[in-house]
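What the coordinates show
For reference, the chains in residue letters:
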Amino acid sequence: MTQPILLADTDLRALADARALLERPSLAARLSSFIGSPLEKGMARLPASWRGKVGALAHDALLKAMDTAARTLEPAQREASPRLHKLLGSVSGAGGGAFGLAGLTVEIPLSTVLIMRAILDIARGEGEDISTTQARLAALEVFALGGNAKGDDATESGYYAVRAALAGTVSEAARHFAQKGLSGEGAPALARLITMVAARYKVQLTQKAAGMLVPGIGAAAGATINLMFMTHFQDVSRGHFTVRRLERRYGTDAVQAAWTSLQAQDARVREATRAFHSDAAR
């Protein structure tokens, strides 16, 4: 029987840190904490027509961001520059907050390009060759991680579950990219992948827009909300590309087994903590 591959202690700690980033409290919860009132107040102010429009905005923004962001970065390996992208994101958010929904139709495509650039910057820092199709598609995956109808909670959506759901379409898009590029048969495969990712990304975009529409939110708060938005995706991308780096070293099965083991350990700790508090309350 083949013995399982064990991760080195330093890499196991890196994986634990990646899990913490990928399973943080939801973006919606953090936005609600910042604005000091339930996010539902902002949701109630979103016109029904705009809620439908945000899906189309997300799709178009992601399609443009894949190519535009990559062309602004050198492929040579270097450390990431998260502060620069947070500054750029804040400036972009200030415009969106100042002009309300009208501003967001311009701000969303711009901020999406900036977020994609930040994701690729982190990917490059984790050893990815961002000139390759595989790295760019992995960057696109980040927009689908940590976002679902239950409030953008990676714990609920499941990191490996989301990757598994996207895997077939990612492989198809990569295969067609290699053969046809963005033209011909490559375009439909990419379009299917972007549609899947956009369906999840629009959840975060709607939450961001709702936060900016809460009474009293203006340009300054819009900048802060966009900073939180950028930080959210930088954290998710750090976790995602740390996992991919470890998978290149140990193999996907070994890293996923270690992830599952860490989950089980956390579950045991939570259960022991609940039992302790239950006994103390008696």
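First, a word on what this report is: a plain description of the structure on this page. (Residues numbered from 1 in each chain as written. Predicted model: local features only at pLDDT ≥ 70, side-chain atom pairs only at ≥ 80, totals over all residues. Heavy atoms only, no water.)

**Section: the layout of surface pockets**
The gaps of empty space that remain are located by a probe, the size of a water molecule, rolled over the atoms. Put simply, the rule is: Residues are called lining when one of their atoms sits within 4 Å of a cavity or pocket point, these points coming from a 1 Å grid over the protein atoms alone, where a cavity is a set in which a 1.4 Å probe fits but cannot get out and a pocket is an open set with protein on both sides within 12 Å along at least five of seven lines. Grid points are joined across faces, edges and corners, and a volume is the space filled by probe spheres set on the points. Counting from the N terminus, the helices are DSSP H or I runs at least four residues long and the strands are E runs at least two residues long. Residues are grouped as follows: Ala, Val, Leu, Ile, Met, Phe, Trp, Tyr, Cys and Pro are nonpolar; Asp, Glu, Lys and Arg are charged; all remaining types, including Gly, are polar.
Of the volumes computed, that of the largest pocket is approximately 280 Å³. Lining of the largest pocket is provided by 14 residues; of these, Ala138, Glu141, Arg163, Val170 and Arg244 occupy positions nearest its centre. Mapped by element, the contributors of at least two residues to the lining of the largest pocket are helix H6 (133-142), helix H8 (159-180) and helix H10 (219-250). The dominant element in the lining of the largest pocket, judged by the number of residues it contributes, is H8, at six residues. Along the lines of polarity and charge, the residues of the lining of the largest pocket split into six nonpolar, three polar and five charged.

**Structural notes on the environment of Val170**
Convention followed: We call two residues in contact whenever any of their non-hydrogen atoms come within 4.5 Å of each other.
Mapped onto the secondary structure, Val170 falls in helix H8. Linking Val170 and Arg192, residues 22 residues apart in sequence, is a C-alpha distance of 9.3 Å. In contact with Val170, not counting residues within four places along its chain, are Leu137, Glu141 and Leu193.

**Some remarks on the side chain of Ser237**
Positionally, Ser237 belongs in helix H10. Not counting chain neighbours up to four residues away, the residues in contact with Ser237 comprise Ile119, Ile122 and Val142.

**Some details on the pattern of salt bridges**
Side-chain pairing between opposite charges can occur once the charged atoms of the two side chains come close. How we decide: Take a side-chain nitrogen of Lys or Arg and a carboxyl oxygen of Asp or Glu: if they are within 4 Å of each other, that pair is a salt bridge. Each residue gets one of three labels from its accessible area relative to the maximum for its type: buried under 20%, exposed over 50%, partly exposed in between, using a 1.4 Å probe on protein chains only.
As enumerated under the stated definition, the model contains 10 salt bridges in all. Residue Glu23 is joined to Arg19 by a salt bridge in which the shortest nitrogen-to-oxygen separation is 3.0 Å. According to the relative accessible area criterion, Glu23 is partly exposed, its value standing at 23%. Salt bridges linked by common partners bring Arg19, Glu23 and Asp266 together as one network.

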